[in-house]
Structure formats: C-alpha cells, structure tokens
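Each chain, written out:
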Amino acid sequence: MDYRSELEISFREALNNNCLNVLYQPQVDMRTEEPKGAEALVRWKKEDGTVLSPAYFVPALEKMGLTTLLDEAVIGIVCRDICEAKQNGFPFSPVSVNLSRLHAVRRNAAKSFREIAERCGVERPELSFEITETAAQTEDGTEEVSETNEEDKKMMLLAGALKGEGYRIAMDDYGMGSSTLKLLQEVPFDILKLDRYFVRRIGDPRTDIILASTIGMAGALGMEVIAEGVETEKQIRFLLDHRCRYGQGYYYSGPLPKEEYIRWRLEYEKDV
Ligand code: C2E
Ligand code: MG
Ligand code: MG
Ligand code: MG
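Everything numeric here is computed off the predicted structure, so don't read it as measured data.

A. Fine view of the overall build of the protein chain. Of the regular secondary structure elements, the protein chain holds ten helices and nine strands. Here the C-alpha radius of gyration of the protein chain, 18 Å, is about what a compact globule of 272 residues would show, namely 19 Å. Oriented by its inertia axes, the alpha-carbon framework of the protein chain measures out at about 55 × 45 × 35 Å. A burial count over the protein chain gives 50% of its 272 residues as buried. Of the contacts made within the protein chain by residues no fewer than 6 positions apart, 67% connect residues no fewer than 24 positions apart. Accessible area of the protein chain: about 13500 Å², with a carbon and sulfur share of 49%. On the protein chain, the mean spot of the 35 positive side-chain charges and the mean spot of the 47 negative ones are 2 Å from each other.

See below:
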C-alpha cells in the first residue's frame with residue numbers, strides 16, 4: 001500500500017470516528033480587548049493519542065484532493081458548536097473557517113456550505129470564511145496548476161459565490177502569496193489578515209513601511225484588518241498606531257477548546 005492510500009484510509013476513519021478536533025482562537029479589538037470572534041483551527045487526534053497539526057496534514061490532504069471532505073467536516077463541527085452554545089445561552093459566534101483553495105475547482109461549494117449551516121440554524125453573520133492562495137493543485141491531485149489565470153478565476157468565482165450566499169470572506173496570510181494584489185483588485189474581500197511573517201518583523205524599517213501602507217490600502221478599500229500572530233505589546237502599539245484594529249495571537253490567547261473559548265468570552269462579559 002502506498003503512502004497516499006494509507007493516509008486516505010486513516011483520514012476517512014478519523015472522520016467516521018470523530019477524531020477531528022476544532023479549537024477556537026480568539027480575535028480581539030486591540031483597542032479595548034473586546035472579543036471580535038474566533039478562528040476555527042482543526043487538529044487530528046490519532047488513536048495513539050498523538051495530535052497532528054494542520055500545517056502537516058492539510059497540505060497532504062490537498063495533494064490527494066481530500067480537502068473538500070475536511071472543510072465540510074470542519075464547517076459541520078463549527079456549526080454544531082455554534083448551535084449548541086446558542087441553545088445554552090453562551091456567547092460564541094462569529095467563527096471564521098479556513099477553506100482550502102481546492103474548493104475553487106469544485107462547483108457549488110458555497111451552496112453546500114450554506115446548506116450545512118442552515119441545517120444547524122447558523123445565520124450568515126455567525127460564520128465567515130478565510131481563503132488563502134497557497135494551494136496549487138486540482139481537486140483530483142493530478143495536475144499542477146499553480147498560479148495560472150485559470151486558478152485565479154476559479155478562486156474569484158468561489159469568493160464571489162460565498163459573498164453571493166451572504167457570507168463575509170477574509171483574505172488569509174496576506175502578503176505571502178504571489179497574486180494577492182490581483183485578487184484584491186477583483187474580489188471584494190471583507191477582511192484582510194496580515195500574515196504572522198510580517199507581524200513578527202515589526203520594528204524592521206522595511207517591514208514597517210510595507211505594513212503601514214498595506215493597512216492604509218485595506219482601509220481605503222473598506223476592509224477590516226486582522227493581524228495574525230500578535231505576541232508583544234510593541235506589536236500592538238505599532239498596529240494600533242497604524243489603524244489596524246483587530247488582532248489574534250498568543251498575546252491574547254492561543255487556540256482553545258470550545259468550553260475554554262466560551263469561558264474566555266464570559267470572562268470578558270463579566271469584566272465590562
Ligand atoms: P492560519 O489560518 O494562518 O492560522 C493561524 C495559525 O497560526 C494557527 O496555526 C495558529 O495556532 C497559529 N498562531 C496563532 N497565533 C499565533 C502566535 O501568536 N504565534 C505563533 N507563532 N503562532 C500563532 P495552526 O492551528 O497550526 O494552523 C496552521 C494552518 O493550517 C492555518 O494557518 C491554516 O492555513 C491551516 N488550517 C487550520 N485549520 C484548518 C481547517 O480547518 N481547514 C483548512 N483547510 N486549513 C486549516
Ligand atoms: Mg486562517
Ligand atoms: Mg492565517
Ligand atoms: Mg498565517
């Protein structure tokens with residue numbers, strides 16, 4: 001048996017046995033530390049107790065064209081968690097879910113996401129989607145399409161379809177792709193997420209210039225900006241000084257199990 005089919009079999013088993021865990025990382029308004037929402041981050045818990053990071057298994061699933069399964073499973077879990085919290089009267093939404101770019105080649109993906117959400121009674125403003133541009137293969141994993149116009153077009157179609165279904169969309173990992181400006185020009189993203197790569201380098205003169213002008217551009221385009229990987233007060237000061245209002249990172253909190261995320265939300269409500 002080759003590596004591929006072994007991974008595919010164990011991933012399908014993991015789906016059936018509820019071995020995917022979703023953690024929630026708080027996103028905050030850095031001016032007030034008021035909760036803005038959370039990003040859903042998936043983990044794969046193996047039988048032997050080890051936990052696989054998405055940075056390791058998502059690219060592998062992408063190569064095999066299995067991310068549709070993953071993303072729909074994550075959306076299902078997130079919608080159930082939102083619904084359960086609502087029924088118990090706990091604060092929870094909005095939650096943003098990462099999408100693999102391979103959805104761009106699958107028709108009706110946006111509609112099927114909306115159907116999953118509707119089955120759980122999750123409203124449009126409670127769910128949003130993060131789109132990156134790192135994946136570069138077709139759904140069946142055969143053909144490299146990298147950054148072709150074709151791929152960009154499909155990506156824009158997906159983004160447009162999600163907006164058409166009434167969802168907010170975020171451009172994830174901004175600055176790390178090769179055609180982000182073109183995508184920004186064509187797609188009315190609601191949110192721009194500054195990649196941790198740049199946030200970590202705040203203080204370097206060239207980085208500071210790039211960040212200042214990127215935040216300015218996003219604001220002029222009417223987008224909200226969320227900084228990823230915020231870890232220090234110095235970073236927060238720089239970001240707020242340059243009108244980046246929202247942040248996510250270990251300074252505030254790492255990704256949390258849903259119960260702890262609810263506790264974090266309640267803690268804030270208690271303090272105000
Ligand atoms: P991402 O969307 O850019 O998610 C942010 C990553 O940065 C997360 O890693 C998070 O735990 C980590 N992080 C957050 N704050 C900090 C910080 O202050 N410092 C540092 N050093 N790291 C921080 P994670 O959970 O390992 O996820 C890695 C990537 O895997 C994500 O990057 C995302 O692209 C992908 N991913 C995660 N969950 C899913 C999913 O459900 N579906 C898909 N398709 N991809 C996912
Ligand atoms: Mg993300
Ligand atoms: Mg990101
Ligand atoms: Mg990132």
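B. Molecular detail of the coordination of the magnesium ion (ligand 3). Within the protein, the atoms that donate to the magnesium ion (ligand 3) are D172 (OD), D173 (OD) and E228 (OE), at distances of 1.6 to 2.4 Å. Look at where the donors of the magnesium ion (ligand 3) fall in the sequence and you get D-D-x54-E. In this structure, the magnesium ion (ligand 3) lies 3.4 Å away from the magnesium ion (ligand 2), the two metals sharing D172 as a donor. Residue D172 is located in strand β6 (residues 168–174), and its partner E228 is located in the loop between β8 (224–227) and α9 (233–241); the two are separated by 56 residues in the primary sequence. Both residues of the pair, D172 and E228, belong to the buried class.

C. A look at the pairing of β8. Two strands pair when backbone bridges link them, and strand β7 (residues 191–194) and β8 are joined in this way by four bridges, in the parallel orientation. In the strand pairing of β8, I191 is matched with E224. Pairing of β8 with strand β9 (residues 246–247), which is carried by two bridges, proceeds in the parallel orientation. Residue I226 lies in a different strand from β9, and its bridge partner there is Y246. Read as a crossover between parallel neighbours, the route from β8 over α9 to β9 is right-handed.

How each quantity is defined
- Residues numbered from 1 in each chain as written.
- Chains lettered and ligands numbered in written order.
- Predicted model: local features only at pLDDT ≥ 70, side-chain atom pairs only at ≥ 80, totals over all residues.
- Heavy atoms only, no water.
- Helix = DSSP H or I, 4+ residues; strand = E, 2+ residues; numbered from the N terminus.
- Rg over C-alpha atoms; globule rule 2.2 N^0.38 Å.
- Buried < 20%, exposed > 50% of the residue type's maximum accessible area, 1.4 Å probe, protein only.
- Contact = heavy atoms within 4.5 Å.
- Areas by Shrake-Rupley, 256 points an atom, 1.4 Å probe, with all protein chains shown as cover.
- Lys, Arg positive; Asp, Glu negative; His and termini not counted.
- Charge placed at Lys NZ, Arg CZ, Asp CG, Glu CD.
- Donors = N, O, S within 2.8 Å, 3.2 Å for Na, K, Ca; no water.
- Pairing = 2+ DSSP bridges.
- Right-handed = clockwise from strand over helix to strand, strands pointing away.

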